[in-house]
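# Inside the fold
Given next are the chains, with one letter for each unit.
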Amino acid sequence: MESHPIFQGTIGVMAVITMIPVFFLWLEKKTQWKVFNYLPAIIWIFLTPIFLSNLDVIPRSTPIYDNYKNWAVPMFIVLMLLDINIRETLKVAWRGIGVLVLGSVGIVVGAAVSFFLFRSGLPENAWSGFGALAGSWIGGTGNLAAVAESLDTPGELVGMVVLVDNFVYVLYFPIILSCKRWAKQFNRFSRVSDEQIRHIEEATQEVEKKSHEVHFKDLLTLLGWGFTTILVANQLAKLMPALPPVLTEKTWAMLLVTTFGNLLSATPLKKVPGTEPLAMTFVYISMTMIGASADLRNLAGAQWFLLAGVICIVVHFLFIIAGARLFRVDVSMAAVSSVASVGGAASAPVAAGFHREELVPVSIMLSLIGYGLGNYLGVAAAQLCQLMS
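Being a predicted model, the structure only gives us computed values, none of them experimental.

Attention now moves to the packing of aromatic side chains. For the structure on display, the rule yields 13 aromatic pairs. Pairing Phe 23 with Trp 26 gives two aromatic rings, centres 6.2 Å apart and planes at 35 degrees, and the pair type is tilted. Taken as a pair, Phe 23 and Trp 26 lie in helix α1 (residues 10–31) at a separation of three residues, close to a single helical turn. Classification of Phe 23 as partly exposed rests on a relative accessible area of 40%. Taking the relative accessible area as the measure of exposure, Trp 26 reaches 47% and is therefore partly exposed. Ring geometry for Phe 115 and Phe 130: centres 5.3 Å apart, planes at 85 degrees, overall edge-to-face. One end of the pair, Phe 115, is in helix α5 (residues 86–118); the other, Phe 130, is in helix α6 (residues 126–138), and 15 residues separate them in sequence. Note on accessibility: Phe 115 and Phe 130 belong to one class, buried. Connected via pairs of aromatic rings, a cluster forms that spans Phe 23, Phe 24, Trp 26 and Trp 44. Lying over the aromatic face of Phe 354, Lys 180 brings its terminal NZ or CZ to 5.2 Å of the ring centre.

Where α5 contacts α6, the axes come no closer than 10 Å and their chain directions differ by 155 degrees. Comparing the axis directions of α5 and α6 gives the class roughly antiparallel. As for the relative orientation of α5 and α6, their crossing is right-handed in sense. Between α5 and α6, the residues in contact are Ser 104, Ile 107, Val 108, Ala 111, Ser 114 and Phe 115 and Ala 126, Trp 127, Phe 130, Ala 134, Trp 137 and Ile 138, respectively. For the contact of α5 with α6, the residue count by class is ten nonpolar, two polar and no charged.

As a further point, take unusual backbone geometry. With omega at 10 degrees, the peptide bond leading from Pro 244 into Pro 245 counts as cis. With respect to the secondary-structure elements, Pro 245 resides in the loop between α11 (216–237) and α12 (249–264). Located in the positive-phi region is Asn 125, a residue other than glycine, with phi close to 65 degrees. Structurally, the position occupied by Asn 125 is in the loop between α5 and α6. On the basis of relative accessibility, which here comes to 36%, the residue Asn 125 falls in the partly exposed class.

Once that is clear, we can look at the layout of surface pockets. In this structure, the second largest pocket occupies an estimated 300 Å³ of space. Every residue lining the second largest pocket is counted, 16 residues in all, and those nearest its centre are Asn 70, Pro 74, Asn 234, Lys 250 and Ala 253. Going through the elements one at a time, α4 (63–81), α7 (141–150), α11 and α12 are the ones with two or more residues in the lining of the second largest pocket. Class assignment of the residues belonging to the lining of the second largest pocket gives a composition of nine nonpolar, three polar and four charged.

Conventions adopted
- Residues numbered from 1 in each chain as written.
- Predicted model: local features only at pLDDT ≥ 70, side-chain atom pairs only at ≥ 80, totals over all residues.
- Heavy atoms only, no water.
- Phe/Tyr/Trp six-rings, centres within 6.5 Å; stacked < 30°, edge-to-face > 60°.
- Helix = DSSP H or I, 4+ residues; strand = E, 2+ residues; numbered from the N terminus.
- Buried < 20%, exposed > 50% of the residue type's maximum accessible area, 1.4 Å probe, protein only.
- Lys NZ or Arg CZ within 6 Å of the ring centre and 35° of its normal.
- Axes fitted to C-alpha atoms, helices over the stretch in contact; angles between N-to-C directions.
- Parallel < 35°, antiparallel > 145°, perpendicular 65-115°, else oblique.
- Left-handed = near helix turned anticlockwise from the far one by under 90°.
- Contact = heavy atoms within 4.5 Å.
- Nonpolar A, V, L, I, M, F, W, Y, C, P; charged D, E, K, R; others polar.
- 1 Å grid on protein atoms, 1.4 Å probe; cavity = no way out; pocket = protein on both sides within 12 Å on 5 of 7 lines; lining within 4 Å.
- Points joined across faces, edges and corners; volume = space filled by probe spheres on them.

Laid out in structure tokens, this is it:
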């Protein structure tokens, strides 16, 4: 006898889907349990709906998820990218941008290399998972969700990506922090001068801060421009040449939305407050829905995915070292550039504060640059892996 989920209607499903992130974000903040240092809230937010859907509490597949992601995923891309200030970042830390870009290329190369090495043990369509992982490590969770959605990455593959993303990062982050003790040797290797370090300290004092006070008209403005951007991108995507299975109409729409979001960040819209909380609301609900779509019976090959993730991050680390030498940055800027992509805006300021307090605003700006690159390079990584599959 076929079973039916307990909650099937829009209200019931959305109540469960939205309360999962509400609960775990509250629990993380309220209790400050040490387990969240190793398994952050996003892990629980993703895993919980997997079990709930596989236990028939909520559906694994429903138009509710599809209808939401059709507009929410491109919406949060636009909102996240509005915070980018490329001109200011170039003025303050152009060398750091160079290292971040080279490190991002390293993630793409690492994804391709590790996919080639382990492709025989990986599940079908694993190339799309590698694209999502690259998008996540270059940008953040929003990029993971966006790239996964544009490539139609299966929910169980996204599950592997989330686990690999966090597990490998737990191993990598302490290395980034501990490298401070090698500052003298590293700075000699990268040929950075004390004068260059002082210049960054002085420049960061002039970084413009964005208002945190949000009014309803700000949210209306953001949503209005967001939906208009999505509409234009969707119409133009229909005119673009399709090169399946990677460059489909859906992928083109996501890339066009990313491009328009980057362009809008150069307009007065970037000063409208409310982008970050609104974007992250959509991101967390999307990740919960992706988790709910995963089938536990299709998790074969997870161990190979994990090994591939380790190799990918090692290649990234080597590119960061090469970038530090090429652009002559000190160990602190190199570390922040790496964490800004791999860890994103949530942990980059932590690494920056540990290394040098004045790098905190720079770390946030570099993380936003990573958001702008993540979708493009995530798709590029998927294309490379697909060619080898």
